[in-house]
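# Overview (structure and organization)
Listed below are the residues making up each chain.
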Amino acid sequence: MPLGAASLPSELRSPAVRVCARRVSRGCGVCRVVMAFSSVSADDLKRKIDEVQRLLSVTLTIANAHTVDFYTRDVWHSFVAVSPEEVLTALSSAGGRRGAAEDMSKLNESISFGFCDATKKLVDVAALLRAAKAHSLAGLEVCVQREAVMDTLRMMSADAQDGVSDGAVFPDEFMNSKKAHEVPAMSEVVASLAKCCRAKQVIDVGSGKGYLCSFLSLQYGLQVFGIDCSSVNTHGAQERNRKLKKFSRAYQRHSRVKTDQEVSLKDTSSRNEEEERASQWHRAPTEHEGTAMEGSERDRRIEQVENHVSIDVESRMAELQSCASAEPAINDLSITNGPRDCALDSADADSEDTFFTALSPDVMEQATPRVPPSQLSLEERERRKRDNLERKARDGRGITNNNNLFSPLTSYVTAETELRTLITELEDAVMVGLHTCGDLAPSTLRMFVAKPELQAVCSVGCCYHLLSEQFDQDGQNCETAVYGFPMSQYLREQVCFCGRNARMSACLALERVSVGGGLPMESLFYRAVLHVILRDHYDSHKSEKRVGNVYSKASSFVDYVRRALRKLDLDVSKLSDSVIQSYHDLYSPRMSEMVAFNMLKVTLAPCIEGLILLDRLCYLKEQANVSCSALVQLFDPLLSPRCYAVVGIKRRGIS
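I will try to describe carefully the structure that is included in this document. Since this is a predicted model, take the numbers as computed values, not measurements.

## Overview of the packing of aromatic side chains
- Across all of its chains, the model carries ten aromatic pairs by this definition.
- Considering the side-chain rings of Tyr71 and Phe525, the 6.1 Å spacing of their centres and the 90° angle between planes classify their relative orientation as edge-to-face. Of this pair, Tyr71 sits in the loop between helix 3 (42-63) and helix 4 (75-79) while Phe525 sits in helix 21 (residues 521-538), and the two are 454 residues apart along the sequence.
- A residue is classified by how much of its surface remains accessible, and Tyr71, at 5% relative accessible area, is buried.
- These aromatic residues form a ring-pair network of at least three members: Phe70, Tyr71, Trp76, Phe525, Tyr526, Tyr551, Phe557, Tyr560, Tyr587 and Phe597.
- Above the ring of Tyr538, the side-chain terminus of Lys574 is found at 4.9 Å from the ring centroid.
- Seen from the ring of Phe448, Lys650 lies directly overhead, with NZ or CZ sitting 5.0 Å from the centre.

## Considering unusual backbone geometry
- Going from Phe485 to Pro486, the amide bond is cis rather than trans, its omega being -5°.
- One can find Pro486 in the loop between strand 8 (454-462) and helix 18 (489-493).
- Phi at Arg198 takes a positive value of approximately 55°, unusual for a residue other than glycine.
- For Arg198, a relative accessible area of 47% corresponds to the partly exposed category.
- In this structure, Val495 is a non-glycine residue whose phi angle is positive, near 50°.
- With respect to the secondary-structure elements, Val495 resides in the loop between helix 18 and helix 19 (500-505).
- Residue classification places Val495 among the partly exposed residues on the basis of a relative accessible area of 34%.

## Concerning the side chain of Arg146
- With respect to the secondary-structure elements, Arg146 resides in helix 9 (residues 146-156).
- With residues up to four places along the chain from it excluded, the contact list for Arg146 reads Ala185, Glu188, Val189, Val632, Gln633 and Leu634.

## As for the packing of helix 17 (residues 440-450) against helix 24 (residues 591-621)
- Put simply, helix 17 and helix 24 touch, their axes get as near as 11 Å, and they point 10° apart. On the basis of their axis angle, the class for helix 17 and helix 24 is roughly parallel. Side by side, helix 17 and helix 24 meet where Ala441, Pro442, Leu445, Arg446, Phe448 and Val449 of the first sit next to Arg616, Tyr619 and Leu620 of the second.
- Its residues assigned to classes, the contact of helix 17 with helix 24 shows seven nonpolar, no polar and two charged.

## Some thoughts on the pattern of salt bridges
- Considering all chains together, one arrives at 14 salt bridges under this definition.
- Ionic pairing is found between Lys179 and Glu182, a salt bridge with its closest N-O pair at 3.7 Å. Residue Lys179 and its partner Glu182 are located together in helix 10 (residues 177-197), separated by three residues, close to a single helical turn. Accessibility assignment for this pair places Lys179 and Glu182 in one class, buried.

## Some details on helix 3
- Along helix 3, the largest kink reaches about 55° and is centred on Ser57.
- Among the residues of helix 3, Leu45, Ile49, Val52, Gln53, Leu55, Leu56, Thr59, Leu60, Ile62 and Ala63 are the ones counted as buried.

## Side note on helix 22 (residues 557-567)
- The element helix 22 is largely enclosed, with a buried count of eight among its eleven residues.
- Of the residues making up helix 22, those classed as buried are Phe557, Val558, Asp559, Tyr560, Val561, Arg562, Ala564 and Leu565.
- Contacts made by the buried residues of helix 22 are with helix 21 and helix 23 (577-587).
- One or two steps after helix 22, the chain reaches Asp569, where phi turns positive at roughly 60°.

## A word on the nonpolar core
- Met186, Ile203 and Cys458 are the most contacted members of the largest nonpolar core, which has 149 residues in total.
- With 17 residues, the single largest contributor to this core is helix 24.
- The contacts of Met186, once residues within four sequence positions are left out, are Leu212, Val432, Gly433, Leu434, Cys458, Val460, Leu634 and Phe635.

The rules behind the values
Residues numbered from 1 in each chain as written. Predicted model: local features only at pLDDT ≥ 70, side-chain atom pairs only at ≥ 80, totals over all residues. Heavy atoms only, no water. Phe/Tyr/Trp six-rings, centres within 6.5 Å; stacked < 30°, edge-to-face > 60°. Helix = DSSP H or I, 4+ residues; strand = E, 2+ residues; numbered from the N terminus. Buried < 20%, exposed > 50% of the residue type's maximum accessible area, 1.4 Å probe, protein only. Lys NZ or Arg CZ within 6 Å of the ring centre and 35° of its normal. Contact = heavy atoms within 4.5 Å. Axes fitted to C-alpha atoms, helices over the stretch in contact; angles between N-to-C directions. Parallel < 35°, antiparallel > 145°, perpendicular 65-115°, else oblique. Nonpolar A, V, L, I, M, F, W, Y, C, P; charged D, E, K, R; others polar. Salt bridge = Lys/Arg side-chain N within 4 Å of Asp/Glu carboxyl O. Bend = angle between axes of the 7 residues up to and from the residue. Core = buried A, V, L, I, M, F, W, Y, C linked by side-chain atoms within 4.5 Å.

Next comes the structure, spelled out in structure tokens:
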């Protein structure tokens, strides 16, 4: 029986979808793409959430074990019943072989996901690895690829006006490689969402340095409001955008001049050919030869000018790229204990300034020499005064143009923030967030649901360890009014708890570790042994004071301990160097335990991240005013480990 439009999910009953609905049964490719946008139903999503929860109910003890307590609480022997070497061997073979314990589990069914039901210890590493892979987002098959979403949005907005501008922006030359990968990929999705919803405005929450905002405004002609709680970020973003606009205008002008030259050259050449054919019988040979020589000389000069500009720009860009390659790499694998994990990438810091100074004078816009007011004519003074008044009048009416499409705003926003108090000219808009930290990502989704002006959302979160949780380990409500996890009514009814250490584990990058991007094991080892010293000699291992980043400044373990003791305001003279070194020598043979244990945490990281993101997707699917929602992989996880976006579109007519 042919599948009609009434058989489609309600979120897919747009006019564009109905056109193809009659062809679904015949395998219409467009319809299959549309179906892919909401690739999982609410009921299927809940079943997959249940599967992940069953795994984590057994394995979360490993993820919640803190590395600092590794030796003071003998973490390895508390949770693992096999040797570190067996764990590392199984990890290196990627779980390709079945363990003996798993074969035993078929007989007595006393093992769940590699853990013994009686002792609650890990006994079969291969079984755990297979379970973790099956319960990751990729294994659950709940994610949609960016290309599929783009095809869907293009089809759904086929009759909308294209919002792509004529301007050219070169992100790889004013951003580091990580940002240059993220910003264009996300911008394309956001611009397509705006086109699909017929929205001309974008609100970037947690906009930081404004890279995404600038790209959206310059490349796609969207009016973007970047909101960040740091005035330093917003002021820096404004200045950075001013430079980028100057660069973009210069490139556009240079491109137009070059195009005009090419067109003019073609027209002139064509006209000369026609004149030659028309008058070749009425012209002396010497005149014809002279005209040809003159045209050839003109062609040669124009080619010289074009080559000069092209070579100069290319050489300077090559210089810039060689400088940019020396930028420090971003290390997403380091484990810290505080909000410093949320800091912006250090490699981003004003790297574009080098780019602007390296540009060719032929491309950069030259500043007009400043003339003292006393030397201006009366007519010039009146003209400038009139221009200033007109500009102020335009600004007062909120009129924007392509030169003022990005507006950085400084404000701390939550789900309760009234956007119209920040943006007086707010219209239908798309809300976005690129690596919004902690509770800001859930707040972005709640604002999208609550604010009628927001027609779509594209949210990429990060810093899961800074999320607030509604329930503690005992299932009791915490005191916070609004929580970052869980968001969905489904998980709230189940009193779902994750734990801060587990959420911190979710920030680890499995893909990078898999290709050799190891964890900073020595610093973790130093900190765990220091905790033993604090317990044995200072009775302050439960102190709330933080050691911080002492390791990077220390020349040895003894130096590390002494620096840490001074930072904790403890008596440094109480221990001799030999006593401190003896602790290092005692625990060094057990360092393999820590390496293996942390690799197990890395293995579970995608499952914990998956639960957090599935909860956010489930929240959107529970909302009556959200028509389409999906979890989309936007980025390459090797370049950007937090690569998943929660995407949603409002149902028209319902706010």
